[in-house]
Amino acid sequence: MSTHHVQRMSRLMAKTLREDPADAETLSHRLLVRAGYVRRSSAGVWTWLPLGKKVLDNVSRIVREEMDAIGAQEVLLPALLPKEPYEVSGRWSEYGDLLFRLKDRKGADYLLGPTHEEIFTLVVKDQCTSYKDLPVMLYQIQTKYRDEARPRSGVLRGREFQMKDSYSFDVSDEGLAESYRLHREAYVRIFERLGLDHRIVSAVSGAMGGSASEEFLAPAGAGEDTFVDCPSCDYAANTEAVTFALKPVEGGAHPALEEIPTPDTPTIETLAAHLGVPASATLKNLMVKVDGEITAVGVPGDREVDLGKLGEHLAPAVVELVTAEDFADRPDLVRGYVGPQGLEKVRYLADPRVAPGTAWVTGANKADTHARNVVCGRDFEVDRYLDVVVVEPGDPCPACGAGLKLDRAIEIGHIFQLGRKYADAFGLDVLGKEGKPVRVTMGSYGIGVSRAVAALAEQTADERGLRWPAAVAPADVHVVAAGKAVPLALAEEAAAALAAAGRRVLLDDRPGLSPGVKLTDAELIGVPWILVAGRRSAEGVVELQDRAAGTREELPLAEALGRVG
Ligand code: ATP
Ligand code: MG
Ligand code: MG
Ligand code: MG
C-alpha cells in the first residue's frame, strides 16, 4: 500500500465556474469545463487541467493494463507523418478535408496522423521477416488529429484527441480471428472496469476498408450515433450499417416535394472515368461534392443513376468523392456514397431527432428530375436492402422478428478485421513455413481515450455535477473543512489518515469560503466520497456523502474512515 499525498484545494489549479460556458451543448461539456477539468484552447482543441489529467491518466492506465494482458506491446509512433504512405494507401485523397496537412521548410508534404494503419504496416514490414515473428499485436496511446467538420461537445469530438490504437498482424485468417477475439474481450473488460455502460454493435468499416467490424457504443442522449437494439435477442447494429436503395412511392409526388429539373443527366461511365472509380456499380442516389458542397446527382426516374456525364456537365466545377465522414453532420440525408472499393452504397439514416416532414432527402420521382423535401415512407419506399435490414423503431429485428428500438450512443471503441488491404498496398509479406512469402493479414482496434472521459461524464453525472466511478475518479475522497479552527483541524486529521491508508485525497482547506460554496464545488467535482468536517467537529462527528448514491450520514470520524477505506 502506498501513501498518497494530500492534494490541497488551496493549491489546486481548478477554478470552478457557476455558469455554463456559452457554447456548451452537452452535459459533459458543461460540467468538465465548470468543474475545472478542461479548458478550450481553440475549436476542438483542449487543455487538460490537473483534475482532468488525472481522470485521463486513469482511463489510459486501465486501457494499458488490459492491452498488456492480451500480449499487445506498447510503442509510440510519430504523429507528424510524411504524405507518401498515405498516398500508397489512397487515404491522402480519400480523407479529404479531415486531414491536417502541412509542409516542411523544403516544401515536402506532411500530415498529422488521424489513425496509423499505414505507419504500423511499415514498422512491421521493417521488423518482421518470418512467420515466426508473428502474430504480433502493437498499440499506442497517442494524440490524433482530425479536422472534424463540426468539433463539438467538448472533448467528445475533438480535432486533437487521445486514442488508443492497436494493430494485429497474422499469417492466417484464423490468426486474425483470434487477435480480433482477444481485442474484443479486452475491450469488454476495459469498459467494464471504467464503469461505462456499453453495447457491441455491427458497424460499417467506412474509410478503413476491410470486412468485419464492430463498434462499442455507450448509450447516451448526447451521442451522435444511432443504433438499433433488439429487446428480445442480442441483435444490435449502428444505423450507419443500415443500407438500402429507395424507389418512389406509387401514386405520384407529394405537394411538398420541390422538383428540380435535371436535363442531360450524365452517365456512369464518364463520371466514373472522371472520378477514377469503377463504373460497374449502379445507384439510385449518389452524393458527390461539387465545389465543396454535398450534392445529389443522377436519379432519373426509375432508371439507375447515370453518373457518367456528370464530370463533363459540371466542368469546370471540382467534383470529389464523398465519404461517410462528409455526412457526419447530416444524419438526415439519403446517402449514396463512393467508398474505397468504388461506388458502394445508398444509405438512409433513420434518425429519431428528425421529425417527419423535416427530413431533407434527395431523390427522384420523375425522369430527369431531382426532388427536395422528400419524406421517406411518404414519397419513397425501400426498393432493395443492400446491407442490414433495419430503419425505423418497431421494424422487425432481422434476427428474431421482435420490434426494434432506436437509441442514441457515443462511439467509444471500434474494432476492424482489415484483412490484407494494407498488406497488399505495402507488400507486407513474411517468409512462410514452406519457405515462400506469405501475405500478412491485419486488424485495427481503436478506443477514444479522451472521448471515454466525456462519455463517462455523460452517463454518470447529475444536475449537481460529475459523479465519477471510483476507478477513474481524480481522488477517492474529497475532505471538506466546513469551518475554521476545529473543523479544519479535524479535516486535516481525516485527510492525513486517509492518505496514510493509501487513499487519494482532495482536501478543501481553502480559507474564507462558506461551507455551502465548498459543498457545491465538491458535488460539482464529483469524487466518490465527500467527507465534511463541520458543525459537529468538536464531538469528532463528520458527514459522509456517497456522491453516486446521493446518500449522506453523520457518523464518528473513525467510522467514516473505515467506510471509505
Ligand atoms: P466518429 O464516428 O465519432 O467520427 P470514427 O468512427 O470516425 O468516430 P474511428 O476512426 O473508428 O472513429 O476511431 C476510433 C475511435 O476514436 C472512435 O471509436 C472514437 O472513440 C475515437 N474518436 C474518433 N474521432 C474522435 C474525435 N474527433 N474526438 C474524440 N475521439 C474520437
Ligand atoms: Mg469520424
Ligand atoms: Mg464512427
Ligand atoms: Mg469508428
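Cut-offs used in this document
- Residues numbered from 1 in each chain as written.
- Chains lettered and ligands numbered in written order.
- Predicted model: local features only at pLDDT ≥ 70, side-chain atom pairs only at ≥ 80, totals over all residues.
- Heavy atoms only, no water.
- Helix = DSSP H or I, 4+ residues; strand = E, 2+ residues; numbered from the N terminus.
- Axes fitted to C-alpha atoms, helices over the stretch in contact; angles between N-to-C directions.
- Left-handed = near helix turned anticlockwise from the far one by under 90°.
- Contact = heavy atoms within 4.5 Å.
- Nonpolar A, V, L, I, M, F, W, Y, C, P; charged D, E, K, R; others polar.
- Near = heavy atom within 4 Å.
- Polar contact = N/O pair within 3.5 Å; in protein donor to acceptor, adjacent residues only side chain to side chain.
- Areas by Shrake-Rupley, 256 points an atom, 1.4 Å probe, with all protein chains shown as cover.
- Pairing = 2+ DSSP bridges.
- Buried < 20%, exposed > 50% of the residue type's maximum accessible area, 1.4 Å probe, protein only.
- Expected span 1.5 Å × (residues − 1).
- Phe/Tyr/Trp six-rings, centres within 6.5 Å; stacked < 30°, edge-to-face > 60°.
- Core = buried A, V, L, I, M, F, W, Y, C linked by side-chain atoms within 4.5 Å.

Participant: Honestly, unusual backbone geometry in this entry has me stumped. Any pointers?
Facilitator: Glycine aside, the phi torsion of most residues is negative, and most peptide linkages are trans. A cis geometry characterises the amide bond from Leu134 onward to Pro135, with omega recorded as 0°. Topologically, Pro135 is positioned in the loop between helix H5 (117-127) and strand E8 (136-145). Phi is positive for Ala485, close to 50°, though the residue is something other than glycine. With respect to the secondary-structure elements, Ala485 resides in the loop between strand E27 (477-481) and helix H11 (486-500).

Participant: For this particular structure, what's the right way to read the packing of H11 against helix H13 (residues 557-564)?
Facilitator: Each pair of packed helices can be summarised by the angle the axes make with each other and by the distance between the axes. Two numbers describe how H11 lies on H13: the axes approach to 11 Å, and their chain directions differ by 35°. Seen from above, H11 lies across H13 with right-handed handedness. In contact with Leu490, Glu493, Ala494, Ala497 and Leu498 of H11, H13 contributes Leu557, Leu561 and Val564. Among the residues forming the contact of H11 with H13, the class breakdown is seven nonpolar, no polar and one charged.

Participant: Please explain the site of ligand 1 as it appears in this structure.
Facilitator: What surrounds ligand 1 is a group of 14 residues, the closest being Glu148, Arg157, Gly158, Glu411 and Arg451. At 2.8 Å from an oxygen atom of ligand 1 is found a side-chain nitrogen or oxygen belonging to Arg157. At 2.8 Å, a backbone N or O of Gly158 approaches a nitrogen atom of ligand 1. When isolated, ligand 1 has an accessible area of 580 Å², and the protein chains bury 92% of it. Elements supplying a minimum of two residues to the shell around ligand 1: strand E9 (160-170) and strand E23 (405-419). The greatest single-element share of the shell around ligand 1, amounting to four residues, is contributed by E23.

Participant: I'm lost on the pairing of strand E31 (residues 551-556) in this one. Help?
Facilitator: The two faces of the sheet receive side chains in turn, since in a regular strand these alternate between them. As paired strands, strand E30 (residues 541-546) and E31 are joined by six bridges and run antiparallel to one another. Along E31, the bridge assignment pairs Glu543 with Glu554. Taking the residues that link successive antiparallel strands as the turn, the E30-E31 hairpin has four residues, and the phi of Gly550 there is positive, at about 80°.

Participant: What exactly am I supposed to notice about the pairing of strand E11 (residues 213-219) here?
Facilitator: Buried residues dominate E11, accounting for six of its seven residues. With four bridges joining them, strand E10 (residues 199-202) and E11 adopt antiparallel strand pairing. Within E11, the position partnered with Val201 by the bridge is Glu215. Where E11 and E23 come together, seven bridges link them in antiparallel fashion. Residue pairing for E23: Glu215 is matched across the bridge by His414.

Participant: What should I look at first to understand helix H6 (residues 173-194) in this one?
Facilitator: What sets the pattern is the α-helix's 3.6 residues per turn: residues three or four places apart point alike. A rise of 1.5 Å per residue sets the reference length of H6, with its 22 residues, at 32 Å; its end C-alpha atoms lie 31 Å apart and thus fit the reference within 8%. In the stretch just after H6, Gly195 is the one whose phi turns positive, near 85°.

Participant: Please explain the packing of aromatic side chains as it appears in this structure.
Facilitator: Where two aromatic rings form a pair, the distance of their centres and the angle of their planes describe that pair. All told, the structure shown has seven aromatic pairs when counted by the stated rule. A centroid spacing of 6.5 Å and a plane angle of 90° characterise the contact between Phe100 and Tyr145, whose relative ring orientation is edge-to-face. In this pair, Phe100 sits in strand E6 (residues 100-103) while Tyr145 sits in strand E8, placing the two residues 45 residues apart along the sequence. The partly exposed category is assigned to Phe100, whose relative accessible area is 23%. By relative accessible area, which is 17% here, Tyr145 ends up buried. Ring plane angle 55° and centroid distance 5.3 Å describe the contact between Tyr187 and Phe216, whose orientation is recorded as tilted. Highlighted residues: Tyr187 in helix H6 and Phe216 in strand E11, separated in sequence by 29 residues. Looking at Tyr187, the relative accessible area reads 0%, which means it is buried. Each residue in the set Tyr187, Phe191 and Phe216 is aromatic and connected to the rest through ring pairs, giving one cluster.

Participant: Can you walk me through the sheet that holds E6 in this structure?
Facilitator: Neighbouring strands of a sheet are bound in pairs by backbone hydrogen bonds; such pairs are parallel or else antiparallel. Read from one edge to the other, the open sheet built from three strands follows the order E5-E7-E6, with strand pairing classed as antiparallel. At either margin of the open sheet sits one strand with a lone partner, and together these are strand E5 (80-82) and E6. Strand after strand, the sheet turns through a mean of 35° between neighbouring axes, direction not considered. Where E6 lies against strand E7 (residues 109-112), four bridges are found, and the strand directions are antiparallel. Counted as the bridge partner of Lys103 is Asp109 from E7.

Participant: Quick question: what am I supposed to make of the nonpolar core here?
Facilitator: Generally speaking, nonpolar side chains in soluble globular proteins are found buried as a group. Counting 60 residues, the largest nonpolar core has Tyr37, Tyr187, Ile190, Phe191, Leu194, Leu196 and Trp468 as its most contacted members. Those residues in contact with Trp468 that lie beyond four places of it in its chain are Leu32, Tyr37, Val55, Val453, Leu456, Ala457, Ala473, Pro474, Ile525, Gly526 and Pro528. Core analysis: the next-biggest nonpolar cluster, separate from the first, contains 26 residues, Tyr86, Leu99, Phe426 and Val430 among them.

Participant: Honestly, the side chain of Glu523 in this entry has me stumped. Any pointers?
Facilitator: Here Glu523 lies in helix H12 (residues 515-525). On the basis of relative accessible area, Glu523 is assigned to the buried category, the value being 7%. The residues contacting Glu523, other than those within four sequence positions of it, are Arg464, Gly465, Leu466, Ile530, Gln545, Arg547 and Arg552.

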